[in-house]
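The primary structure of each chain is shown beneath.
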Amino acid sequence: MVYSKNDWNKLLKMFTTVWDAPSGPQMFQHCHLFPRALGEVAGRHNVQELHVTLTEGLWRYEYWGFPVSDAAPGAELWTWFRNDTKDVDNIWKKLTGALSGLLCASLNFIGTPNSLSPEYSFRPTGVVKNSNLNSSFVRYATLPREIVCTENLTPWKKLLPCDSKKGFASLLNAGHIHNTNYHSLGLHIRPVCKDAKCTEVSIELRQTVSLVYDMMILGFQNQDWSLRKLFGLGLSGPCPLATSSFIYVDVTSNETGTPYQLQPEPTEVITSIRGGYESKFKVYNIQKMSFTHMLNIVATYSTPKVYAVNVPPVLYASRYIVGYGQERGGIVTKIHNNHWKHLDIIYLENIPWFLPIYLHTLRVVAGGKEITPILKKYVPGKERSRPYSLEVLLRIPARSVTEIYIEFDYVFLKWQEYPPDANHGFYIGSAIISAYLPVGKNYMGLPQAGPTIYSSFNASREGFLLQLRTESLIITLPTPDFSMPYNVICLACTVVALAFGPLHNITTKRLCMKDGNSCNGLLIRLKSMLFKGRKPQAQAH
Amino acid sequence: MRALLFFVTIFYVNEYVQAVRQIPDDILRGNHTNNWAVLVDTSRFWFNYRHVANVLSIYRSVKRLGIPDSQIILMVADDMACNPRNPRPATVFNHRKQHINVYGDDVEVDYRGYEVTVENFVRLLTGRLFPGTPRSKQLLTDEGSNILVYLTGHGGDGFLKFQDSEEVTSQELADALEQMWQKRRYHEIFFMIDTCQAASMYEKFYSPNILAVASSLVGEDSLSHHVDPAIGVYIIDRYTFHALHFLERVSPDSMKTMGEFLAVCPKQECISTVGVRRDLFPRDPHKVPITDFFGSLRPVELGINYLNVSIALPLTENTIRPVKQEEKYHYAQQFPTHLFQTRAT
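Bear in mind the structure is a predicted one, so any value in this text is a computation, not a measurement.

S.K.: With reference to specific residues and values, describe the interface of chain B and chain A.
M.R.: With 41 residues of chain B at the interface, the matching set in chain A holds 60 residues. Across the chain B/chain A interface, buried area totals approximately 4,600 Å², and carbon plus sulfur atoms make up 59% of it. Its largest share of buried area at the contact with chain A, chain B owes to R112(B), Y329(B) and Y331(B), together 20% of the area lost on that side. Across the chain B-chain A interface, the total number found is five salt bridges. Here E108(B) and K158(A) are joined by a salt bridge, their closest N and O atoms 2.9 Å apart. Between the two partners, chain B and chain A, sit 19 residue pairs in polar contact (both at pLDDT 80 or more). Only β13 (330-331) and α10 (337-343) of chain B provide two or more residues apiece to the side of chain B that touches chain A. Ranked by the residues each element gives to the side of chain B that touches chain A, the list is headed by α10(B), at four residues.

S.K.: Outline a nonpolar patch on the surface, supporting the account with residue identities and numerical values.
M.R.: Taken together, the side chains of L522(A), L523(A), I524(A), L526(A) and M529(A) present a nonpolar region at the surface, about 550 Å² in accessible area. Following the sequence through the fold, I524(A) ends up in helix α10 (residues 522-530).

S.K.: I'd love a proper account of the sheet that holds strand β22 (residues 388-396) of chain A, names of residues and values included.
M.R.: Strands in a sheet are paired, the pairing made by backbone hydrogen bonds, and the direction either parallel or antiparallel. Residue and element names in this part refer to chain A. Strand order across the open sheet formed by five strands is β21-β22-β18-β25-β26, with antiparallel pairing between neighbours. Single-partner strands in this sheet number two, and they are β21 (375-379) and β26 (464-469). Strand-to-strand twist in this sheet, taken as the mean axis angle between neighbours without regard to direction, amounts to 15°. Bridge count for strand β18 (residues 343-351) against strand β25 (residues 432-437) is four bridges, and the pairing is antiparallel. The residue of β25 that forms the bridge with Y347 is I433.

S.K.: Would you mind going over the nonpolar core in detail, with residue names and values included?
M.R.: In terms of nonpolar packing, the biggest core is built from 70 residues, with L99(A), L107(A), W225(A) and L262(A) touching the most fellow members. Here the element with the most residues in this core is helix α3 (residues 88-103) of chain A; it accounts for eight residues. Excluding residues within four positions of it along the chain, L262(A) makes contact with W225(A), V249(A), V251(A), K282(A), Y284(A), I297(A), V298(A) and A299(A). Formed by 56 residues, the second largest nonpolar core is a distinct cluster that contains I67(B), L74(B), V107(B) and F261(B).

S.K.: Residue-level account of the UniProt feature "active site" (unreviewed entry) in chain B, with values.
M.R.: Residue and element names in this part refer to chain B. Cross-referencing UniProt, the feature "active site" (unreviewed entry) maps to H154 and C196 in the present numbering. The annotated residues occupy 43 residues of the chain but converge on a single region, no pair of C-alpha atoms lying more than 6.4 Å apart. The contact partners of H154, leaving out residues within four places of it in the chain, are T42, S43, N48, R50, H51, L160, K161 and T195. With respect to the helices and strands, the residue C196 is situated in the loop between β8 (188-194) and α6 (199-202).

S.K.: Break down the pattern of salt bridges for me, citing the residues and quoting the values.
M.R.: All names here are of chain B. The tally for this structure, following the rule as stated, stands at 34 salt bridges over all chains. Between D106 and K63 there is a salt bridge; the shortest N-O distance is 3.6 Å. Of this pair, D106 sits in the loop between β2 (72-76) and β3 (111-112) while K63 sits in helix α3 (residues 49-64), placing them 43 residues apart in sequence. Taking relative accessible area as the criterion, D106 reaches 36% and is therefore assigned partly exposed.

S.K.: Which residues make up the packing of helix α4 (residues 118-126) of chain B against helix α5 (residues 170-182) of chain B, and what values go with them?
M.R.: Residues and elements named next belong to chain B. Their axes nearest at 8 Å, the elements α4 and α5 cross at an angle of 25°. Between α4 and α5, the crossing angle belongs to the class labelled roughly parallel. Of the residues in α5, those touching α4 at V118, F121, V122, L125 and T126 are E172, L173, A176, Q179 and M180. Residues of the contact of α4 with α5, tallied by class, amount to seven nonpolar, two polar and one charged.

S.K.: I'd like to hear about helix α7 (residues 238-247) of chain B, residue by residue, with values.
M.R.: Burial within α7(B) is extensive, with nine of its ten residues counted as buried. Three or more residues of α7(B) are buried, namely R238(B), Y239(B), T240(B), F241(B), H242(B), A243(B), L244(B), F246(B) and L247(B).

S.K.: Got a sec to walk through the environment of S215(B)? Specific residues and values, please.
M.R.: Residue and element names in this part refer to chain B. With respect to the helices and strands, S215 occurs in the loop between β9 (210-214) and β10 (224-228). C-alpha separation for the pair S215 and C265, spaced 50 residues apart in sequence, amounts to 8.5 Å. Among the polar contacts listed, one links the side chain of S215 to the backbone oxygen of T195, at a separation of 3.3 Å.

S.K.: Pulling in residues and values, what's your account of the packing of α3(B) against α7(B)?
M.R.: All names here are of chain B. Viewed as axis vectors pointing N to C, α3 and α7 meet at an angle of 15°, and their least axial separation amounts to 10 Å. By the criterion of interaxial angle, the relationship of α3 to α7 is roughly parallel. Crossing hand, α3 versus α7: left-handed. Every residue of α7 that contacts α3 at N54, S57, I58, S61 and R64 is listed here: T240, L244 and L247.

S.K.: Give me the lowdown on the pairing of strand β17 (residues 328-337) of chain A, citing residues and values where you can.
M.R.: Residue and element names in this part refer to chain A. Buried residues dominate β17, accounting for eight of its ten residues. By the bridge criterion, eight bridges tie strand β16 (residues 315-322) to β17 in an arrangement that is antiparallel. In the sheet register, A317 faces β17, and the bridge partner there is I335. In textbook terms, the turn of a hairpin is the stretch between consecutive antiparallel strands, and for β16 and β17 this stretch comprises five residues, one of which, G323, has a positive phi near 105°. Sheet topology note: the β17/strand β23 (residues 400-409) ladder contains ten bridges and is antiparallel. Looking at β23, one finds that N337 is bridged to S400.

S.K.: Tell me about the confidence of the model for chain B, and please be specific about residues and values.
M.R.: Model confidence for chain B is summarised by a mean pLDDT of 87, while 86% of its residues fall at 70 or above. Scored as a whole, the predicted complex attains pTM 0.87, and scored at its interfaces, ipTM 0.86.

S.K.: Pulling in residues and values, what's your account of the environment of R228(A)?
M.R.: All names here are of chain A. For R228, the position within the fold is in helix α7 (residues 227-231). Judged by its relative accessible area of 44%, R228 is partly exposed. As a C-alpha pair, R228 and L95 span 133 residues in sequence and 39 Å in three-dimensional space. Every residue in contact with R228, bar those within four places of it in the chain, is listed here: L233, G234 and N296.

Quick notes on the rules
Sequence order as written defines the numbering, with residues in each chain counted from 1. As a convention, the first chain written is A and the first ligand written is 1, with the rest following in written order. Thresholds applied to this predicted model are a pLDDT of at least 70 for local features of residues and 80 or more for the giving and counting of side-chain atom pairs; totals over whole chains, interfaces and linings are not thresholded and use all residues. Note that the side-chain values use all heavy atoms of the structure and ignore hydrogens as well as water. Only heavy atoms enter the contact rule, under which two residues are in contact if any of them lie within 4.5 Å. Using a 1.4 Å probe, buried area is obtained as the accessible area two parts lose upon being combined, added over both of them. One speaks of a salt bridge when a side-chain nitrogen belonging to Lys or Arg is within 4 Å of a carboxyl oxygen belonging to Asp or Glu. Polar contacts, as used here, are pairs of N or O atoms within 3.5 Å; protein pairs need one atom able to donate a hydrogen and one able to accept it. Residues neighboring in sequence count only if both atoms are side-chain atoms. The helix and strand labels rest on DSSP assignments: H or I over at least four residues marks a helix, E over at least two residues marks a strand, and numbering proceeds from the N terminus. To count toward a patch, a residue needs a relative accessible area over 30% and no salt bridge; like charges are then connected within 9 Å, while nonpolar side chains (Val, Leu, Ile, Met, Phe, Trp, Tyr) are connected within 5 Å. Residue-level accessible areas treat just the shown protein chains as cover; the underlying method is Shrake-Rupley with a 1.4 Å probe. Here a strand pair is declared whenever DSSP counts at least two bridges between the two strands. Axis definition: a line fit to C-alpha positions, over the contact stretch in the case of helices; interaxial angles, taken between N-to-C directions, run 0 to 180 degrees. We define the nonpolar core as a collection of buried residues of types Ala, Val, Leu, Ile, Met, Phe, Trp, Tyr and Cys that are connected through side-chain atoms lying within 4.5 Å of one another. For the exposure calls, accessible area comes from a 1.4 Å probe over protein chains only, and a residue counts as buried if that area is under 20% of its type's maximum, exposed if over 50%, partly exposed in between. UniProt positions are given in the numbering used here, feature names are shortened, and annotations may be inferred rather than shown by experiment. Every angle not falling under 35 degrees, over 145, or within 65 to 115 is termed oblique; those three ranges are roughly parallel, roughly antiparallel and roughly perpendicular. For this classification, the nonpolar set comprises Ala, Val, Leu, Ile, Met, Phe, Trp, Tyr, Cys and Pro, the charged set comprises Asp, Glu, Lys and Arg, and every other residue, Gly included, is treated as polar. Left-handed is the label given to a crossing in which the near helix is rotated counterclockwise from the far helix by less than a right angle, and right-handed is the label when the rotation is clockwise. For every residue, the predictor states its confidence as a pLDDT score lying anywhere from 0 to 100.

Rendered as structure tokens:
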């Protein structure tokens, strides 16, 4: 578990299970700690690597830095299938159906019409045999509308060896963790090297929960935080099946910002230098601590809160829609580069099939000057069968704001294709910006070879892979008036009735003369009774 | 003469139909062997919060009385608990004073959001699902299953509205249940419905072994119980509120009967009249325990005889070991830096 504090409270919990298995179709048949339900799904669908995330909220890179593991708002699923898979589209559809049953999410809405095969953006994070990567075996899809609630947390917790009874998972109370600005559940399966020789492969399952609390909304008057305030209860002990169980508190900002004291005292303090930047962590080794009572880590502040100037990270992005009317519009992505050197990025756009984009309108402008992309890969979409996929490799200049602009058209859909709440709008999934950062500032991602947070300390590499996700967008397609058929029927029937009635009367009834005195109508009789006095006067005139 | 011949034919045809309709003895005599529940909320949008609270109240009771999640199909058309408008996230209460959090900590929703459609509902009941549908989304009942079917939402005379865009009619529902009967997919069904003019939905049933209760008769509206000023919407419907109140006092070994449950909301509480359809149900509801539908008691036979279990099978070792090829794996390059070096200016 990693905890870091800026003006917001950021928290990551990570559960890693590494499991040895021979590769091949029998890989998931013998289960000990590895959850059998997930193993069967992965084994039957020939999965080499699987990443599922369910997220509510948007990660604000400008204020919060970089997360340990990033996720797009809604549901995001990407998979690498094995090289011997025959019909990838078919097996992808079956996999999403199986995962929707496992995680209680509507992942079965993912299919070929909204999945793409990115060439450069989603490389396998696990081990591979040969370097030639065939991108026809990767599938990526996102459902921005998907919500995440207790019904997703329940099966997620059941996949852990200790369930939610012991260990960190006992802290995951739905009422507390869903009351956050950002919460994300993740499941990541990948093959890893069993040993240094790397001739055999193990399967690693990583389950992550990322949370960002807003202390103001929670109603706490002072800035003190504790496990009990965040989760509602303290920690009762480690999971007995775990090999290691740690809590890391990021105290890098303790020297620069408002200082706080941690109680109880941490087991050790680690200073990590990564990519040229130093960060300090206070570590609690849960397995070495005694649990006579519940562990509650408390941070108390001695001085009032000081709002420091926010220093944004080296790379962050935002996206929005321009244009007016319901005929055409444009998507603009703004990428901010705060580094003193140029950065190489890969920009992936995932546009649904009902929003045709025009490649000739693609313009990349950085600091007022237009720059040409290094490489572009465009897979045009096909109505109802394929989305639009655009990958652009760019070199963005130092200390600049780059704008990528592309135009699209609004189309009409068939009336059955509108969802029941059509006026809410249609979602466009996040754009993904992959970069290879040369510096490790604000960077908390895990290295490729290491499964735990401990492996990220002092893990300097020549570059750090970063994937940013932008906002997902809502657009209002021209929506028909669904009450129109009902209104038309009512109107038409009224007109027909009004026309038919008198016509029928005139053609079928015969007019005949009537005596003046006999049979007056009811109204006339009433009037004559009421105004008996007046009547002679009227007649006199 | 011709008329007489006509009537005689009708008489014989009727006799034949009755013979087919006669429930086979083994099914009439046998008890149920497992319990399932199909709980459906069909309404979308925040102002239909009460329908989600309704279905979760029944879910909570059914789960508490013993039916496992694998045998409950819960369909919720919209998300209220984690809705941004909900001031208490991950909770759905049945009372404004927050008496019971019916959402709970251990809930599994099988069909949610846009998946709750008439097509999926009828496919679920009849069992004609697409290949590859996960088990948690299938109704895997057999001829010994007692099923509790609960529907809530907005309804009218002869129809139930799904998500404000489509409807299921009472005839379709009756036909779906008849298909279930023909395929021996149920032993007995208890059908509960809490909508306006709910009784119209069970009027067309013609399959045997169905006991139905509705929160209002044709021509009446089912009313909601009270509004929660903190949320701003009606929080639960009257019939389900009283049904939950009754079920909260039922324990898994309770001796309460279905007859008591059918009388759960008198007219002064519910304002609408609760309708009951008993003619398709051969047993007397006052003699049927409530756990026949709401609980999941599995009959256990206790014996004093010893069973001889000998592990006499020798452990065979797999002598044929797969030939391990010495292949070197390596981590794939995460970022294609080579593309930038060759082409960048």
